[in-house]
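Tertiary structure, described
Below, each chain spelled out in residue letters.
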Amino acid sequence: SEPATGVIKNPAAMPGAEWFPGARLNYAENLLRYDDDAIAIIFRQEGGDQRQLSYQGLRKEVARHASWMRANGVVAGDRVGAYMTNMPETIIAFLAASSIGAIWSSCSPDFGVKGVMERFVQIQPKIMYTIDGYHYNGKVYDVTASAAEVVRQIDSIEKVVVVTMLDDSPDINALVDTGRDVLMSSDIEDATAPLQFAQLPFNHPLYILYSSGTTGAPKCIVHSAGGALLQHLKEHRLHCNIRRDDKLFYFTTCGWMMWNWLVSGLASGCTIVLYEGSPFFPRRRSLWQFAG
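The paragraphs below set out a description of the structure included in this document. Quantities reported herein were computed from a predicted structural model and do not represent experimental measurements.

Regarding the nonpolar core
- If you look at the biggest cluster of nonpolar residues, it comprises 85 residues, and the most contacted ones within it are Leu 58, Leu 95, Tyr 129 and Leu 266.
- The dominant element in this core, judged by the number of residues it contributes, is helix α3 (residues 88-100), at 8 residues.
- If sequence neighbours within four positions are ignored, Leu 58 has contacts with Leu 32, Ala 40, Ile 41, Leu 53, Ile 92, Leu 95 and Leu 266.
- Within the second largest apolar cluster, 5 residues are counted, among which are Ile 42, Val 273, Tyr 275 and Leu 287.

Notes on the environment of Ser 185
- On the secondary structure map, Ser 185 appears in the loop between β12 (181-184) and β13 (200-201).
- Once the C-alpha coordinates of Ser 185 and Ser 169 are considered, the two residues, 16 residues apart in sequence, prove to be 12 Å apart.
- Among all residues touching Ser 185, those that are not within four sequence positions of it are Arg 64, His 65, Val 161, Val 162 and Val 163.

So, the packing of helix α2 (residues 55-71) against α3
- Following both chains from N to C, one finds α2 and α3 inclined at 60 degrees, their axes separated by 8 Å at the closest point. Of the possible angle classes, the one that applies to α2 and α3 is oblique. Of the two elements, α2 crosses α3, and the hand of that crossing is right-handed. Together, Leu 58, Glu 61, Val 62, His 65, Ala 66, Met 69 and Arg 70 of α2 and Ile 92, Ala 93, Leu 95, Ala 96, Ala 97, Ser 99 and Ile 100 of α3 make up the contact between the two elements.
- Among the residues forming the contact of α2 with α3, the class breakdown is 10 nonpolar, 2 polar and 2 charged.

Quick look at the packing of aromatic side chains
- A complete count under the given rule lists 14 aromatic pairs for this structure.
- Ring geometry for Trp 19 and Phe 20: centres 6.2 Å apart, planes at 40 degrees, overall tilted.
- Given a relative accessible area of 45%, Trp 19 falls into the partly exposed group.
- On the accessibility criterion, Phe 20 (25% relative accessible area) is partly exposed.
- With 5.7 Å between their ring centres and 50 degrees between their planes, Phe 94 and Trp 259 make a pair best called tilted. Of the two residues, Phe 94 sits in helix α3 while Trp 259 sits in helix α8 (residues 257-263), which places them 165 residues apart along the sequence.
- Owing to a relative accessible area of 0%, Phe 94 belongs among the buried residues under this scheme.
- With relative accessibility at 0%, the residue Trp 259 sits in the buried group.

Scoring rules and cut-offs
- Residues numbered from 1 in each chain as written.
- Predicted model: local features only at pLDDT ≥ 70, side-chain atom pairs only at ≥ 80, totals over all residues.
- Heavy atoms only, no water.
- Core = buried A, V, L, I, M, F, W, Y, C linked by side-chain atoms within 4.5 Å.
- Buried < 20%, exposed > 50% of the residue type's maximum accessible area, 1.4 Å probe, protein only.
- Helix = DSSP H or I, 4+ residues; strand = E, 2+ residues; numbered from the N terminus.
- Contact = heavy atoms within 4.5 Å.
- Axes fitted to C-alpha atoms, helices over the stretch in contact; angles between N-to-C directions.
- Parallel < 35°, antiparallel > 145°, perpendicular 65-115°, else oblique.
- Left-handed = near helix turned anticlockwise from the far one by under 90°.
- Nonpolar A, V, L, I, M, F, W, Y, C, P; charged D, E, K, R; others polar.
- Phe/Tyr/Trp six-rings, centres within 6.5 Å; stacked < 30°, edge-to-face > 60°.

As structure tokens, then:
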């Protein structure tokens, strides 16, 4: 929305250099530039459940969650954490947070309580999204107790949003017993105001990723909105030649940086494809059959 006044400020500083000073933009606005019936997301869950979401539908859902976040005091710079699987609702929450300028961070449920705690305790999220559970390799895993343990140990978490994957009416008593405000994602009301996009500096923090944790506690790695957007657009359009009528798929969880890379495909207007579950269930060629 505002052009840069230069390319780089303090180029000799590391850290301290500032790219494209004066520029203003919003990452989510770039990913939601389309508002039509074209398919934005195709989602496939282990076991055969498949659904899709149009760009128009995606914008509507992002507006719903962003409106709720704003109404509950989320502002630019707050952290929103997710204990989620690779599904449309995770992307919706991410884009809702980034439309406000809140900083996103996600962990996959297979990390377990210790793995999530090592990461989220460092960033102190204000809101946490969690699923009720997931399927993997033909087995069912309930994560409400694990999510409750994380919430119980991080005082900064004020509200918890539960997204259902296993059961439309899951048992969330463990989460309720933490004393925090808990609500179902389906209970968030539709937005009454148009989707708003905070116009922020090029280097405003977009999300926090982490090192592997193999040499001590995982280290926080902050990525800027402008930097991530520019880098991913370069890779998608120039390296991969992605166009609006293409489909983009990468097998990943939302605890790996390739999830962030995949989501940015929306900026090119293509259809991104999500798969949640084991790549080898019920047979070794399941992913190839899905791709076909």
